[in-house]
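# A structural walkthrough
Here are the chains, one letter per residue:
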Amino acid sequence: VQLVESGGGLVQPGGSLRLSCEASGFTFSSYYMRWFRQAPGKERELVAGISSSGVGTFYGNGVKGRFTISRDNAKNTVYLQMNSLKPEDTAVYFCNGFLSVDSYWGQGTQVTVAS
């Protein structure tokens with residue numbers, strides 16, 4: 001099982017980034033997918049989630065209206081489009097797939113928002 005995140009980097013406040021998470025080794029289309037983030041000294045927090053079909057989505061309070069989660073089951077990939085980025089969005093972003101008792105994590109990708 002592998003989840004590989006990409007797309008992180010350094011961006012100025014107000015800028016945009018698109019994170020990708022490519023999955024392999026499990027039936028991606030059956031799994032609920034989520035993005036978490038963890039800033040230094042803080043607990044990991046849920047950013048967004050998307051149902052297996054892609055119809056249902058969820059967003060944390062701090063990102064509603066700025067971030068969009070989506071998935072392409074044909075490509076086994078989940079995305080996080082991040083717009084209007086703020087310095088407080090700086091964190092390591094992780095993707096997670098879960099179904100019942102199974103939960104898989106990626107290694108994370110760093111997002112830094114600074115001028």
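Further up the page is the structure itself.
Here's a quick rundown of the structure. (Residues numbered from 1 in each chain as written. Predicted model: local features only at pLDDT ≥ 70, side-chain atom pairs only at ≥ 80, totals over all residues. Heavy atoms only, no water.)

## Thoughts on the overall build of the protein
The criterion, for reference: By definition, any uninterrupted DSSP run of H or I lasting at least four residues is a helix, any uninterrupted run of E lasting at least two residues is a strand, and each is numbered from the N terminus. Two things to know: the radius of gyration comes from C-alpha atoms, and the globule rule equals 2.2 Å times the number of residues to the power 0.38. Partly exposed residues are those whose accessible area sits between 20% and 50% of the maximum for their type, while under 20% is buried and over 50% is exposed, using a 1.4 Å probe and protein chains only. Residue contacts are defined here by distance: any two heavy atoms, one from each residue, within 4.5 Å place the two residues in contact. Working definition of accessibility: Shrake-Rupley area with a 1.4 Å probe, residue cover restricted to the visible protein chains. Asp and Glu count as negative and Lys and Arg as positive, but His and the ends of the chain are not part of the count. Throughout, a charge is located at the NZ atom of Lys, the CZ atom of Arg, the CG atom of Asp or the CD atom of Glu.
When helices and strands are tallied, the protein shows 0 helices and 11 strands. For the protein, the sequential pattern of α-helices and β-strands runs β-β-β-β-β-β-β-β-β-β-β. The globule rule puts the C-alpha radius of gyration for 115 residues at 13 Å, and the 13 Å found for the protein is close to it. When its C-alpha atoms are laid out on the principal axes, the protein stretches across 40 × 25 × 20 Å. Sorting the 115 residues of the protein into buried and exposed places 42% on the buried side. Contacts in the protein between residues far apart in sequence, at least 24 positions, make up 52% of those at least 6 positions apart. Looking at the protein as shown, the accessible area adds up to about 5,800 Å², and 48% of this sits on carbon and sulfur atoms. Placing the 10 positive and 8 negative side-chain charges of the protein at their respective mean positions leaves the two points 5 Å apart.

## Some thoughts on the pairing of strand 7 (residues 67–72)
Quick reminder of the rule: Pairing between strands is defined by DSSP: at least two bridges between them are needed.
Burial of strand 7 is one-sided: the residues Phe67, Ile69 and Arg71 facing one way are buried, the residues Thr68, Ser70 and Asp72 facing the other way are not. Of the strand pairs in this sheet, strand 7 and strand 8 (residues 77–82) are connected by 6 bridges, and their pairing is antiparallel. Pairing of aspartate 72 across the sheet is with threonine 77, part of strand 8. Once strand 7 ends, the chain turns through 4 residues before running back antiparallel as strand 8, passing asparagine 76 with a positive phi of about 55°.

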